[in-house]
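Descriptive structure summary
Below are the chains, spelled out letter by letter.
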Amino acid sequence: MMMMLPRRRFTAAELARAVPHGPSPSIVGAVLFNVIFVMAMYAVAFHAMVPAPIWFVMGFYLLGLLAGLWALWHDPGCRAGRWAYYVMPMATASGFLLVPMLTYGGSFGQVLHTAQNLSTVPAGPGVLGALFGMGMVGLWFTAMHRSQHIALRLAELDERERALEMARQLGSAQIQPHFLFNTLASLQHWVASGDPRAAPLLDSLTGYLRATLPLFDRPLLRLDQELEAVRRYLEVMQARLGERLRFEIRAEPALGATPLPPGLLLTLVENAVEHGISPQLAGGSVQLSAWREAGQLCIAIDDDGPGLPLLPGPAEGHVGLVNSRARLAQAFGTKAELSLANRPEGGCRALLRLPLSA
């Protein structure tokens, strides 16, 4: 009795997303070995009582079975796999009757008599039925297993994408709110007191807000757009800190189109200003450099502040760095790296390595 195949049909996009690669060589080898082994055992055990044309029909069934298994592995709802499951056994069974008739010129009754004689041979009952049964079970199991596997994989990918989107939004929202509040407080005070620094600060803050708008609705951002947000942020901080902050941004123009998670450089520069410049009465400098090296985009953020503590802990465990590494892993896997180290001449360096876009 046939069992129903799964009813769900997956789209080409869903299949490409859930099953980007075909079966592994080990799976293909295992299936071929078992099918060939079973057919060889049948040939050795029953070659004397099965006419040669019947072996031709069994070979046809074997090829159809393998084609059905391959089709159902890639798409458990495909039409070819369903034809192999529902139609091929009936077509093959008809072949067991028609081929001998056409080959030997016998009548339908003679063919049935020959099949009845086959069933009297020891170990002969159900030989062909058992072959059909194993093939049917193999096709059904493959279809059901792959359908459940793909459905679960799609659900897992959907859940992962929701988590990644939430992490991206949290990472973008992590642009420190106290920076905006403090800047607006300074701007309000300068406007009220008629300080000439108010107009440049307002201009820099407006440019910063305009440059950071793409951070909230894009999974990746061009390097030149990210650098514009960094430049505007440093201008705002320079307006607030005055001569205590000096900065420089150097990047090869050809690298401007390289994608990276939005807000990543901004987070690293904010850390450099907060932990490297603000604690020092004399202030300091921040330098951002971007260059190409060994097929990668290298970005260094250097400051001449107090540097990292001797014992690991607070710096490496900072929520901004943890989120930055998580977003790098989400976007590039193991191809991206973020490291922090003290500079020999003093201060800290955050070094970012990203794969270059093709």
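See the structure above.
So, a few notes on the structure that sits alongside this text.

Thresholds, definitions, all that
- Residues numbered from 1 in each chain as written.
- Predicted model: local features only at pLDDT ≥ 70, side-chain atom pairs only at ≥ 80, totals over all residues.
- Heavy atoms only, no water.
- Helix = DSSP H or I, 4+ residues; strand = E, 2+ residues; numbered from the N terminus.
- Buried < 20%, exposed > 50% of the residue type's maximum accessible area, 1.4 Å probe, protein only.
- Contact = heavy atoms within 4.5 Å.
- Areas by Shrake-Rupley, 256 points an atom, 1.4 Å probe, with all protein chains shown as cover.
- Expected span 1.5 Å × (residues − 1).
- Axes fitted to C-alpha atoms, helices over the stretch in contact; angles between N-to-C directions.
- Parallel < 35°, antiparallel > 145°, perpendicular 65-115°, else oblique.
- Left-handed = near helix turned anticlockwise from the far one by under 90°.
- Nonpolar A, V, L, I, M, F, W, Y, C, P; charged D, E, K, R; others polar.
- Pairing = 2+ DSSP bridges.
- Core = buried A, V, L, I, M, F, W, Y, C linked by side-chain atoms within 4.5 Å.

1. Some words on the overall build of the chain
- Helices and strands together make up the secondary structure of the chain, namely twelve helices and seven strands.
- Among the 358 residues that make up the chain, the fraction classed as buried is 39%.
- Pairs at least 24 apart in sequence give 73% of the contacts found in the chain among residues at least 6 apart.
- Roughly 19,500 Å² of accessible area belongs to the chain as shown, and the carbon and sulfur atoms make up 66% of that amount.

2. Here we look at helix α11 (residues 264–277)
- For α11, which comprises 14 residues, the first-to-last C-alpha distance of 19 Å matches the rise-based estimate of 20 Å (1.5 Å per residue) to within 8%.
- Burial analysis of α11 places twelve of its 14 residues in the buried class, which makes it a mostly covered element.
- Among all positions in α11, only Leu264, Leu265, Leu266, Thr267, Leu268, Val269, Glu270, Asn271, Ala272, Val273, Gly276 and Ile277 are buried.

3. Overview of unusual backbone geometry
- Even without a glycine there, the phi angle at alanine 294 is positive, about 55°.
- Note that alanine 294 resides in the loop between β4 (284–293) and β5 (296–303).

4. Digging into the environment of glutamate 252
- Mapped onto the fold, glutamate 252 is located in the loop between β2 (245–251) and β3 (259–260).
- Overall, the relative accessible area of 34% leaves glutamate 252 in the partly exposed class.
- Those residues in contact with glutamate 252 that lie beyond four places of it in its chain are Ala290, Trp291 and Arg292.

5. Let's talk about the packing of helix α10 (residues 223–241) against α11
- At a closest axis distance of 8 Å, the pairing of α10 and α11 adopts a crossing angle of 25°. The angle between α10 and α11 falls in the class roughly parallel. Seen from above, α10 lies across α11 with right-handed handedness. From α10, Leu223, Glu226, Leu227, Ala229, Val230, Tyr233, Leu234, Met237 and Leu241 reach across to α11, where they touch Leu264, Leu265, Leu266, Val269, Glu270, Val273 and Ile277.
- Of the residues contributing to the contact of α10 with α11, the split by class is 14 nonpolar, no polar and two charged.

6. So, the pairing of β4
- Bridging between β2 and β4 involves seven bridges; their strand directions are parallel. What sits directly across from arginine 250, in β4, is serine 289.
- In this structure, β4 lies alongside β5, joined through eight bridges in antiparallel fashion. Along β5, the bridge assignment pairs valine 286 with aspartate 303.
- The loop that links β4 with its antiparallel partner β5 comprises two residues; one of these, alanine 294, has a positive phi angle of about 55°.

7. A few points about the sheet that holds β5
- An order of β2-β4-β5-β7-β6 is seen for the five strands of this open sheet, with the pairing classed as mixed. Each edge of the sheet is formed by a strand with only one pairing partner; in this case those strands are β2 and β6 (337–342). On average, each strand axis in the sheet is tilted by 15° relative to the strand beside it, whichever way the strands run.
- Across eight bridges, β5 lies against strand β7 (residues 348–355) in antiparallel orientation. By the bridge assignment for β7, aspartate 303 is matched with cysteine 348.
- In the packing of α10 onto the sheet, the strands contacted are β2, β4 and β5, and the crossing angle to β2 comes to about 165°.
- Across the face of the sheet, α11 comes into contact with β2, β4, β5, β6 and β7 while running at roughly 20° to β5.

8. A closer look at the nonpolar core
- With 45 residues, the main nonpolar core has Leu223, Tyr233, Leu265, Leu288, Ile299 and Ile301 as its most contacted residues.
- Per-element accounting of this core gives the leading share, nine residues, to α10.
- Excluding anything up to four places from it in sequence, leucine 288 contacts Leu227, Val230, Glu248, Ile249, Arg250, Leu265, Val269, Ile299, Ala300 and Ile301.
- By size, the runner-up hydrophobic cluster in this structure holds eleven residues, among which are Leu5, Leu72, Cys78 and Met136.

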